[in-house]
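Fold and contact review
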Amino acid sequence: MYDQIRQAGRQAARHGVPLSACPLMIAGNMPAHTGEPIRLWRARLASWEAGWREESEARLAELERRRNLLHSD
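Keep in mind it's a predicted model, so treat the numbers as computed, not measured.

**Examining helix H3 (residues 38-71)**
An ideal rise of 1.5 Å per residue puts 50 Å on 34 residues; H3 measures up with 49 Å between its terminal C-alpha atoms. Along H3, the positions that sit buried rather than exposed are Trp41, Leu45, Ser47, Trp48, Gly51, Trp52, Glu55 and Ser56. Elements in contact with the buried residues of H3: helix H1 (3-14) and helix H2 (31-34).

**Some remarks on the nonpolar core**
Considering soluble globular proteins, one finds that nonpolar side chains tend to be buried as a cluster. Among the nonpolar cores identified, the biggest contains 10 residues, and these are Tyr2, Ile5, Ala12, Ala13, Cys22, Leu24, Trp41, Leu45, Trp48 and Trp52. The set of elements that each furnish at least two residues to this core consists of H1 and H3. Among residues more than four places away in sequence, those in contact with Trp41 are Leu24, Met25, Asn29, Met30, Pro31 and Glu36.

**A closer look at the pattern of salt bridges**
Pairing is possible between side chains that carry opposite charge, provided their charged atoms lie close to one another. Considering all chains together, one arrives at 8 salt bridges under this definition. Here Glu55 makes a salt bridge to Arg14, at a shortest N to O gap of 3.2 Å. Of this pair, Glu55 sits in helix H3 while Arg14 sits in helix H1, placing them 41 residues apart in sequence. For Arg14, a relative accessible area of 33% gives the class partly exposed.

**Comments concerning the packing of H1 against H3**
Where H1 meets H3, the closest approach of the two axes is 7 Å, and the angle between their N-to-C directions is 40°. As the angle between them shows, H1 and H3 are arranged oblique. Judged by the twist between their axes, the crossing of H1 over H3 is right-handed. Contacts between H1 and H3 involve Ile5, Arg6, Ala8, Gly9, Arg10, Ala12, Ala13 and Arg14 on the former and, on the latter, Arg44, Ser47, Trp48, Ala50, Gly51, Trp52, Glu54, Glu55, Ser56 and Arg59. A breakdown of the residues in the contact of H1 with H3 according to their chemical character gives 7 nonpolar, 4 polar and 7 charged.

**Observations regarding the confidence of the model for the protein chain**
Taken over all residues, the pLDDT of the protein chain has a mean of 94, while the share at 70 or more is 99%. The secondary structure element of the protein chain with the lowest average pLDDT is H3, at 94, and the one with the highest is H1, at 97.

**Looking at H1**
Relative to the 16 Å expected for 12 residues at 1.5 Å per residue, H1 spans 16 Å between its end C-alpha atoms, a close match to the ideal helical length. All of the buried residues in H1 are Ile5, Gly9, Ala12 and Ala13. Projection of H1 onto a plane perpendicular to its axis shows the buried side chains occupying an angular sector of 100°, all on one side. For H1, exposure combined with an orientation more than 90 degrees from the buried face picks out Asp3 and Gln4. Looking at the buried side of H1, the elements it contacts are H3.

Analysis parameters
Residues numbered from 1 in each chain as written. Predicted model: local features only at pLDDT ≥ 70, side-chain atom pairs only at ≥ 80, totals over all residues. Heavy atoms only, no water. Helix = DSSP H or I, 4+ residues; strand = E, 2+ residues; numbered from the N terminus. Expected span 1.5 Å × (residues − 1). Buried < 20%, exposed > 50% of the residue type's maximum accessible area, 1.4 Å probe, protein only. Contact = heavy atoms within 4.5 Å. Core = buried A, V, L, I, M, F, W, Y, C linked by side-chain atoms within 4.5 Å. Salt bridge = Lys/Arg side-chain N within 4 Å of Asp/Glu carboxyl O. Axes fitted to C-alpha atoms, helices over the stretch in contact; angles between N-to-C directions. Parallel < 35°, antiparallel > 145°, perpendicular 65-115°, else oblique. Left-handed = near helix turned anticlockwise from the far one by under 90°. Nonpolar A, V, L, I, M, F, W, Y, C, P; charged D, E, K, R; others polar. pLDDT = per-residue confidence, 0-100. Arc of directions from axis to C-beta.

Quick look at the structure:
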């Protein structure tokens, strides 16, 4: 449902943006300012964070794979 938001989280992680810098956590993007129902905002936030975590885990796995290759010689 929130594939674009999840992809934005992945892209942010790919560029080294910390999880704490999620744009949905900016005051102007929060339900108190936007009027968005909190359950929808939480769902969008969860999607962004999931994408960020997926990309971060994939990057760490790739680094570990490369480290193992270097040390196996």
